[in-house]
Amino acid sequence: MIFAIEEINSDTDILPGVRLGYKIYNNCGTMDILRAAMTLVSGQETVVGDSSCSDTTPAILGHSGSTPTIGFARLVGRFQIPVISHFATCACLSNRREYPSFFRTIPSDYYQSRALAQLVKHFGWTWVGAVCSDNDYGLNGMATFIQAAEEEGVCLEYSEAYESSGPINKLLWVVDIIKKSTSKVIVAFVTQREIKVLVQELYRQNISGLQWIGSDAWITDTSLIDSTELGMLVGSVGFAVSTAHIPGLGDMFLRDFWETVFDCSLNENVESRRMACNGSESLRHVNNEFTDVSDVRFSNNVYKAVYAVAHALHNLLSCEQGQGPFSNRSCAELTHIQPWQVLHYLQTVNFTTKEGESVFFDSNGDSPARYELVSLQLAHSGTMKAVTIGIYDASLPASHQFMRHNSTVVWGGGVTKVPVSVCSERCPPGTRKAVQKGKPVCCYDCLPCAEGEISNQTDSLDCVKCAHEYWSNRQRDGCVPKQIEFLAYDETMGAILVFCSLLGISLTLGTIFIFYCSRTTPIVRANNSELSFLLLFSLTLCFLCSLTFIGRPSEWSCMLRHTAFGITFVLCISCVLGKTIVVLMAFRATLPGSDVMKWFGPLQQRLSVLAFTLIQVLICVLWLTISPPFPFKNMAHYNDRIILECALGSAVGFWAVLGYIGLLALLCFVLAFLGRKLPDHFNEAKYITFSMLIFCAVWITFIPAYVSSPGKFTVAVEIFAILASSFALLFCIFGPKCFIILLRPNKNTKKHIMGKTSKDIQY
């Protein structure tokens with residue numbers, strides 16, 4: 001302060017013709033401080049020196065502590081006397097109603113507390129303990145920190161307050177809480193006195209491995225560097241007031257400093273008991289905390305406070321009469337400067353120091369919040385030193401306020417990796433956080449996401465559902481397209497059905513070949529060879545149409561599969577129905593006087609088959625015209641996959657096709673059943689009856705199986721019904737005939753066909 005005042009008095013640019021004076025009150029204790037403040041307020045102080053000095057005190061610098069400052073700043077503020085502190089950081093002093101004349105050149109703890117919360121969050125420490133001084137500085141700073149920590153998602157395992165001069169039981173209580181806690185990081189919003197007694201007790205009880213986060217009240221305090229117990233603080237990090245360089249500050253102490261360090265005298269004219277300094281002394285090997293006064297922190301705040309008052313006085317005395325800010329546009333008189341006038345100009349002061357630092361006060365009297373992030377590291381001499389590892393500037397946007405330098409740091413406990421202090425490990429992608437009952441939000445369980453939901457970030461609070469056509473992967477950390485399911489050729493079930501279809505086609509073609517080669521034999525001619533060949537042709541189409549049900553559904557395949565199935569089966573049943581009618585008519589024609597065969601000859605047989613088939617064709621055309629089948633993604637049956645199937649379009653059309661087939665099959669079955677007792681050698685009706693019985697049984701069981709089968713099994717059931725009914729017709733109607741043609745040729749004679757002896761083999 002003295003250095004700054006003398007520098008201002010020798011400067012002709014600021015307060016020219018005016019000299020600043022000062023009065024230092026260096027009494028300790030709250031009552032002495034209040035007594036000194038009352039003396040300044042009452043104007044009882046005797047003016048020493050020039051009578052031209054102002055008879056009032058324009059400003060008070062101090063105090064360094066928050067609690068004493070609170071005590072007298074509220075009182076002094078009633079008299080509008082400016083109070084400028086270099087070290088009182090309590091956020092409560094920003095209350096303009098309570099402290100209308102308070103200013104400070106050190107940032108408020110409001111910013112430091114929030115910066116500490118951001119610091120803790122930056123290093124991933126979400127589970128911390130906290131201790132603070134049991135006074136206004138500690139309690140207010142810790143209250144702001146707790147609020148900011150909650151906003152950052154940081155939880156406090158405990159928060160305890162104590163005093164260095166308090167009862168020992170309270171200190172032991174705090175140490176016991178630290179000992180039993182699971183958090184490894186401690187935020188200490190205390191003074192250097194509290195941190196000393198706490199660390200000494202922790203050292204005595206052999207409690208180590210803690211990571212300390214310090215406030216500016218102790219993180220750079222030089223009194224901590226020599227104690228063995230306080231070596232436990234190595235690795236501590238915290239925010240400190242920015243360092244500054246004040247040119248010339250050391251010169252005023254140089255003489256006394258040099259004589260003290262080297263035990264010599266620089267004054268040759270005055271008789272001294274010490275030897276004269278010869279000029280060969282060197283500071284190279286001097287290890288002293290006063291060897292470098294160019295790197296100062298809190299002293300710079302005092303320096304700025306003095307200059308702030310000087311600039312306010314300069315602006316006040318530069319006022320031109322008639323243009324002043326007070327009543328009647330008046331200005332202040334040099335010998336009658338009032339504190340409230342200085343207060344007015346101090347609020348608007350804005351200047352830049354010689355080192356380029358901007359100084360101003362906001363509406364609450366606070367300075368810009370700028371800190372250095374420092375870490376206590378071991379120096380080569382075995383002592384601790386504060387190493388700057390980052391900066392914090394509250395005036396910048398939120399995303400740029402905290403910037404860390406890429407410097408190597410030894411953390412608490414002597415480790416080089418950033419320590420971990422969490423209540424619960426981080427939840428990996430694919431899980432979500434579930435808070436444990438009765439515990440803070442930082443204590444949680446990691447629950448896997450449900451099926452169809454994902455979380456692709458660490459520590460997700462919720463799982464997100466995948467889009468409609470997507471599903472969660474096995475890790476639940478990403479959505480993948482749902483599996484498309486349809487009956488494919490390359491899967492086992494599809495391959496078996498294809499094999500069965502090709503087998504049926506081969507057997508049918510083989511039967512056609514056998515019948516063609518034996519077309520002149522009695523057994524072929526006696527069983528209406530024309531309808532037999534047409535039936536075999538329709539069976540071939542039935543086996544072929546089953547292949548259209550396999551593979552990826554498309555618009556053409558969906559329309560083809562159902563219509564081809566309906567038409568080929570009607571053609572097949574029409575042929576069987578024609579054969580049944582022929583059998584019945586042939587038997588009636590053998591009776592005396594019967595001419596029934598002329599009403600159902602070859603032409604009528606062809607026309608009946610054509611008529612029955614055209615009806616089905618008409619039904620299919622109407623179905624395809626009104627509402628045809630189409631490919632459809634069924635996502636209702638399964639959650640994790642899409643069934644690609646052919647929607648029926650018009651359900652009436654589908655059931656009309658099936659109903660018409662069923663009607664013809666029932667009619668054929670009834671007619672065949674009626675002719676089952678005809679003479680054996682000319683009776684094909686019983687084989688038709690048996691084949692139609694299987695046919696109807698297959699399609700009756702098909703209906704519930706089709707409705708209840710999921711996904712591709714629906715198609716498989718339909719193909720199975722087609723193949724089963726086709727094989728039934730092929731084996732039951734043509735099997736016995738092929739057996740006789742191939743294995744019993746002696747039975748393939750007209751005599752045998754027309755014979756009625758009991759020795760004849762029935763077929």
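Peer 1: Is there a simple way to think about the overall build of the protein in this case?
Peer 2: Helix and strand counts for the protein come out as 19 helices and 22 strands. For the protein, long-range pairs separated by at least 24 residues make up 65% of all intrachain contacts whose partners lie at least 6 apart in sequence. Of the roughly 38600 Å² of accessible surface on the protein, a fraction of 57% belongs to carbon and sulfur atoms.

Peer 1: How should the pattern of salt bridges be read in this particular structure?
Peer 2: Oppositely charged side chains can pair when the atoms bearing their charge come close. Considering all chains together, one arrives at 14 salt bridges under this definition. Residues Arg204 and Glu201 are paired through a salt bridge, measuring 2.5 Å at the closest nitrogen-oxygen approach. Remark: Glu201 and Arg204 occur in helix H7 (residues 192-204); sequence separation between them is three residues, near one turn of the helix. The exposed category is assigned to Arg204, whose relative accessible area is 59%. Here Glu201 falls in the buried class, since its relative accessible area comes to 10%.

Peer 1: How do you make sense of the pairing of strand E7 (residues 211-214) when you look at a structure like this?
Peer 2: Every other side chain in a regular strand lies on the same face of the sheet, so the side chains alternate between the two faces. Both faces of E7 are covered, namely the face carrying Gln211 and Ile213 and the face carrying Trp212 and Gly214. Two strands pair when backbone bridges link them, and strand E6 (residues 185-189) and E7 are joined in this way by four bridges, in the parallel orientation. Looking across to E7, one finds that Val187 is bridged to Ile213. The parallel pair E6 and E7, bridged by H7, forms a crossover whose chirality is right-handed. Both E7 and strand E8 (residues 237-241) contribute to a ladder of two bridges, which runs parallel. Its bridge partner being in E8, Ile213 is matched across the sheet by Val237.

Peer 1: Is there a simple way to think about the environment of Val441 in this case?
Peer 2: The residue Val441 is located in the loop between strand E14 (431-435) and strand E15 (444-448) in this model. With 17 residues separating them along the chain, Val441 and Ser424 place their C-alpha atoms 9.9 Å apart.

Peer 1: Would you explain the state of the cysteines in this entry?
Peer 2: Formally, a disulfide is one covalent bond, and it connects the sulfur atom of one cysteine to the sulfur atom of another. The final tally for this structure, using the stated rule, is nine disulfides. Here Cys423 is linked by a disulfide to Cys443, with a sulfur-sulfur distance of 1.9 Å. With the S-S dihedral at roughly 105 degrees, the linkage between Cys423 and Cys443 falls on the right-handed side. One end of the pair, Cys423, is in the loop between strand E13 (402-404) and E14; the other, Cys443, is in the loop between E14 and E15, and 20 residues separate them in sequence. Among the residues examined, Cys423 registers a relative accessible area of 28% and is labelled partly exposed. What pairs with Cys558 in a disulfide is Cys646, and their sulfur atoms sit 1.9 Å apart. In this structure, the disulfide formed by Cys558 and Cys646 twists by about -80 degrees around the S-S bond and is classed as left-handed. On the criterion of sequence distance, the pair formed by Cys558 in helix H14 (residues 555-589) and Cys646 in strand E22 (residues 641-647) is long-range, its members being 88 residues apart. The class of Cys646 is buried, set by a relative accessible area of 11%.

Peer 1: Would you mind going over the side chain of Ser215 with me for this structure?
Peer 2: For Ser215, the position within the fold is in the loop between E7 and E8. A relative accessible area of 0% places Ser215 in the buried class. Among the polar contacts made by the side chain of Ser215, one reaches the side chain of Tyr137 at a distance of 2.8 Å. A distance of 3.3 Å separates a polar side-chain atom of Ser215 from the backbone oxygen of Val190.

Peer 1: Looking at this structure, I do not really get the pairing of strand E11 (residues 370-378). What am I missing?
Peer 2: Burial analysis of E11 places seven of its nine residues in the buried class, the great majority of the element. Bridge analysis of E11 against strand E12 (residues 384-393) gives nine bridges, and the strand direction is antiparallel. By the bridge assignment, Glu372 is partnered in E12 with Ile391.

Peer 1: I would appreciate a short explanation of the sheet that holds E8 in the present structure.
Peer 2: The strands making up a sheet are joined through hydrogen bonds of the backbone, oriented either antiparallel or parallel. Strand order across the open sheet formed by eight strands is E5-E4-E6-E7-E8-E11-E12-E13, with mixed pairing between neighbours. Of all the strands in the sheet, the pair left with one neighbour each is strand E5 (155-162) and E13. If you compare each strand with its neighbour and ignore which way they point, the axes differ by 30 degrees on average. By the bridge criterion, seven bridges tie strand E4 (residues 127-133) to E5 in an arrangement that is parallel. Among the inter-strand pairings, Trp127 is bridged to a residue of E5, identified as Cys155. The sheet strands contacting helix H4 (residues 109-122) are E4, E6, E7, E8, E11, E12 and E13, and the helix crosses E6 at an angle near 170 degrees.

Peer 1: I'm lost on the sheet that holds strand E20 (residues 483-485) in this one. Help?
Peer 2: Strands sit in the order E20-E22-E21 across an open sheet of three strands; the sheet is mixed. The two strands at the open ends of the sheet, each matched to only one other strand, are E20 and strand E21 (630-634). Sheet twist, expressed as the average angle between the axes of neighbouring strands with direction ignored, equals 30 degrees. The sheet contact formed by E20 and E22 spans three bridges and is parallel.

Peer 1: What is the right way to look at helix H11 (residues 492-517) in this model?
Peer 2: In an α-helix, one turn spans 3.6 residues, which is why side chains three or four residues apart end up on the same side. Over its 26 residues, H11 extends 37 Å from the first C-alpha to the last, a length consistent with the 38 Å expected when each residue adds 1.5 Å. Regarding H11, the residues found buried are Gly494, Leu497, Val498, Ser501, Gly504, Ile505, Thr508, Thr511, Ile514 and Phe515. The inward-facing, buried residues of H11 abut helix H12 (522-525), helix H13 (529-545) and helix H18 (712-743).

Peer 1: Sorry if this is basic, but what is going on with the side chain of Thr353 here?
Peer 2: Here Thr353 shows up in the loop between strand E9 (350-352) and strand E10 (358-360). Taking the relative accessible area as the measure of exposure, Thr353 reaches 14% and is therefore buried. Dropping the residues within four chain positions of it, Thr353 is found in contact with Lys304 and Val359.

Peer 1: Quick question: what am I supposed to make of the packing of helix H9 (residues 298-317) against helix H10 (residues 339-347) here?
Peer 2: Think of two packed helices as two axes; the pair is described by the angle between the axes and how far apart they sit. Between H9 and H10, whose axes approach to 8 Å, the crossing angle comes to 105 degrees. By the angle class used here, H9 and H10 are roughly perpendicular. Between H9 and H10, the contacting residues are Ala308, Val309, Ala312, Leu313, Asn315 and Leu316 on the first element and Gln341, Val342, Tyr345 and Leu346 on the second. Residue classes in the contact of H9 with H10 are distributed as eight nonpolar, two polar and no charged.

Peer 1: Explain the nonpolar core here, please?
Peer 2: Phe565, Met692, Phe695, Trp699 and Leu729 are the most contacted members of the largest nonpolar core, which totals 67 residues. Elements represented by at least two residues in this core include exactly H11, H12, H13, H14, helix H15 (602-626), helix H16 (651-674), helix H17 (685-708) and H18. Among the elements that take part in this core, H18 stands out by supplying 15 residues, more than any other. Of all hydrophobic cores here, the second largest spans 37 residues; its members include Leu249, Val296, Tyr303 and Ile337.

Peer 1: Please clarify how unusual backbone geometry should be interpreted in this entry.
Peer 2: Residues apart from glycine generally show negative phi values, whereas peptide bonds are mostly found in trans. Put simply, Gly62 and His63 share a cis peptide bond, and its omega is -5 degrees. Take His63: it is sitting in the loop between strand E1 (60-61) and helix H3 (66-77). The phi torsion at Gln80 lies on the positive side, around 55 degrees, for a residue other than glycine. Assessed through its relative accessible area of 40%, Gln80 is described here as partly exposed. Even without being a glycine, Asp459 presents a positive backbone phi close to 60 degrees. With respect to the secondary-structure elements, Asp459 resides in the loop between strand E16 (453-454) and strand E17 (464-465).

What counts and how
- Sequence positions are assigned chain by chain, starting from 1 and proceeding in written order.
- The predicted nature of this model means local features are confined to residues of pLDDT at least 70 and side-chain atom pairs, given and counted, to a pLDDT of 80 or more, with totals for whole chains, interfaces and linings taken over all residues.
- To get the side-chain values, all heavy atoms of the structure are used, and hydrogens and water are removed first.
- Only DSSP runs of H or I reaching four residues or more are called helices, and only runs of E reaching two or more are called strands; each is numbered from the N terminus.
- By the convention used here, residues are in contact when the closest approach between their heavy atoms is within 4.5 Å.
- Note on areas: Shrake-Rupley with a 1.4 Å probe; residue coverage comes only from the protein chains shown.
- Any Lys or Arg side-chain nitrogen located within 4 Å of an Asp or Glu carboxyl oxygen qualifies as a salt bridge.
- Relative accessibility thresholds used throughout: buried, under 20% of the residue-type maximum; exposed, over 50%; partly exposed, between the two (1.4 Å probe, protein chains only).
- Strands pair, by our definition, only if DSSP identifies at least two bridges between them.
- The handedness of a crossover follows from its direction of travel: if, with the strands pointing away from the viewer, the path from the first strand over the helix to the second runs clockwise, the crossover is right-handed.
- For this text, the term disulfide refers to a pair of cysteine sulfurs within 2.5 Å.
- Any N or O atom pair separated by 3.5 Å or less is treated as a polar contact, with the protein-specific requirement of one donor-capable and one acceptor-capable atom, and with residues adjacent in sequence counted only for side-chain atom pairs.
- With axes taken as lines fitted to C-alpha atoms, and helix axes fitted only over the stretch in contact, angles between N-to-C directions fall between 0 and 180 degrees.
- By this rule, a helix spans an expected 1.5 Å times one less than how many residues it contains.
- Should an angle lie under 35 degrees it is considered roughly parallel, over 145 roughly antiparallel, and from 65 to 115 roughly perpendicular; all remaining angles are considered oblique.
- Amino acid classes used here: Ala, Val, Leu, Ile, Met, Phe, Trp, Tyr, Cys and Pro are nonpolar; Asp, Glu, Lys and Arg are charged; the rest, including Gly, are polar.
- Working definition of a nonpolar core: buried Ala, Val, Leu, Ile, Met, Phe, Trp, Tyr and Cys residues. They are joined through side-chain atoms within 4.5 Å.

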